[in-house]
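# Structural overview
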Amino acid sequence: VSRDGSTLVSAALDGTVCLWEAGSGRLRGRFRHGSGWPADWGVEGYRTTSRKMTARLFPDGGQVVTWGSDGRFRTWSALDGSPIGKALDPGFDVSDFALSPDGSQIACVAPNRPGLLLDVAEGGAAATVPLARRSPHWVRFLPDGRSLVVGEEPGPEVISLAAGRPSVLNMPHKPHIS
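### Remarks on the pairing of strand β1 (residues 7-11)
Two elements, β1 and strand β2 (residues 16-21), share five bridges in a ladder whose sense is antiparallel. Its bridge partner lying in β2, A11 is registered against V17. What sits between the antiparallel neighbours β1 and β2 is a turn of four residues, in which G15 has the positive phi angle 95°.

### Focus: the nonpolar core
Ranked by internal contacts, the top residues of the largest apolar core, which has 14 residues, are V65, F73, V94, F97, I106, C108 and L118. Listing elements by their share of this core, those giving two or more residues are β5 (63-68), β8 (96-99), β9 (105-109) and β10 (115-119). Every residue in contact with V94, bar those within four places of it in the chain, is listed here: K52, W67, F73, C108, V109 and A110.

### So, the environment of G123
Along the polypeptide, G123 turns up in the loop between β10 and β11 (124-129). Taking the C-alpha atoms as reference points, G123 and L88, 35 residues apart in sequence, are found 5.8 Å from one another. Those residues in contact with G123 that sit more than four places away from it in its chain are K86 and L88.

### Focus on the sheet that holds strand β7 (residues 83-88)
Spatially, four strands are ordered β4-β5-β6-β7 in an open sheet, and the strand pairing comes out antiparallel. Each edge of the open sheet carries a strand with a single partner, namely β4 (53-57) and β7. Ignoring strand direction, the axes of neighbouring strands in this sheet form an average angle of 15°. Bridge count between β4 and β5: five bridges; the pairing is antiparallel. Residue pairing across strands places R56 opposite V65, the latter belonging to β5.

### Details of the pairing of β11
Strand direction decides the pairing type here: β10 and β11, joined by five bridges, are antiparallel. Opposite L117, over in β11, you have A127 as the bridge partner.

### Considering the environment of G145
Note that G145 resides in the loop between β12 (138-141) and β13 (147-151). Here the alpha-carbon distance between G145 and A162, two residues 17 residues apart in the chain, equals 8.9 Å.

Thresholds, definitions, all that
Chains are numbered independently. Their residues run from 1 in the order of the written sequence. With pLDDT at 70 or above as the cut-off, local features in this predicted model cover only qualifying residues; side-chain atom pairs require 80 or more to be listed or tallied, and sums for whole chains, interfaces and linings still use all residues. Think of the side-chain values as coming from all heavy atoms in the structure, minus any hydrogens and water. For two strands to count as paired, DSSP must find a minimum of two bridges between them. Strands are runs of DSSP state E lasting at least two residues, helices are runs of H or I lasting at least four, and both sets are numbered from the N terminus onward. In this text, buried Ala, Val, Leu, Ile, Met, Phe, Trp, Tyr and Cys residues form a nonpolar core when linked through side-chain atoms within 4.5 Å. Each residue gets one of three labels from its accessible area relative to the maximum for its type: buried under 20%, exposed over 50%, partly exposed in between, using a 1.4 Å probe on protein chains only. Contact between two residues is taken to exist if any of their heavy atoms lie within 4.5 Å; hydrogens are not considered. Orientation is described by axes fitted as lines to C-alpha atoms, over the contacting stretch for helices, and by angles from 0 to 180 degrees between their N-to-C directions.

So, in structure tokens, the structure goes:
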């Protein structure tokens, strides 16, 4: 959902991304994440262990970022669905991702590995993010963009990115959270 609540984005396993007017439910436009996907379950020979398709609107609502089973993040114009920049490859099967409040970074997590920050403008990895535990389910930026919240068992952890070296605040919680 865009910040102003006017636009929704949805993604389907066939790679189709749709933009909707939230008030009327009218389809504003649609495009596909990658050519040939999912018939071969990958683009350029990359295959993940799962079949996924996820889309998020940039904070300003003008762009969409997608991640699919081809293992790459792609950025698109929310106005006409045209691709913007080059695809970003995190190098692993992503469990979840979040856009920073200013849209400059993508934080992504996956089991049994550190988190990763990708630089949207530069097209590559900006930093790794050590996690206290190894089973992240989701990730979100805090509104100031200087911290991440990562949902894991037995509870979420808040990771400060501002100090140049992440510091972790664990918040145990039972039973399972989501």
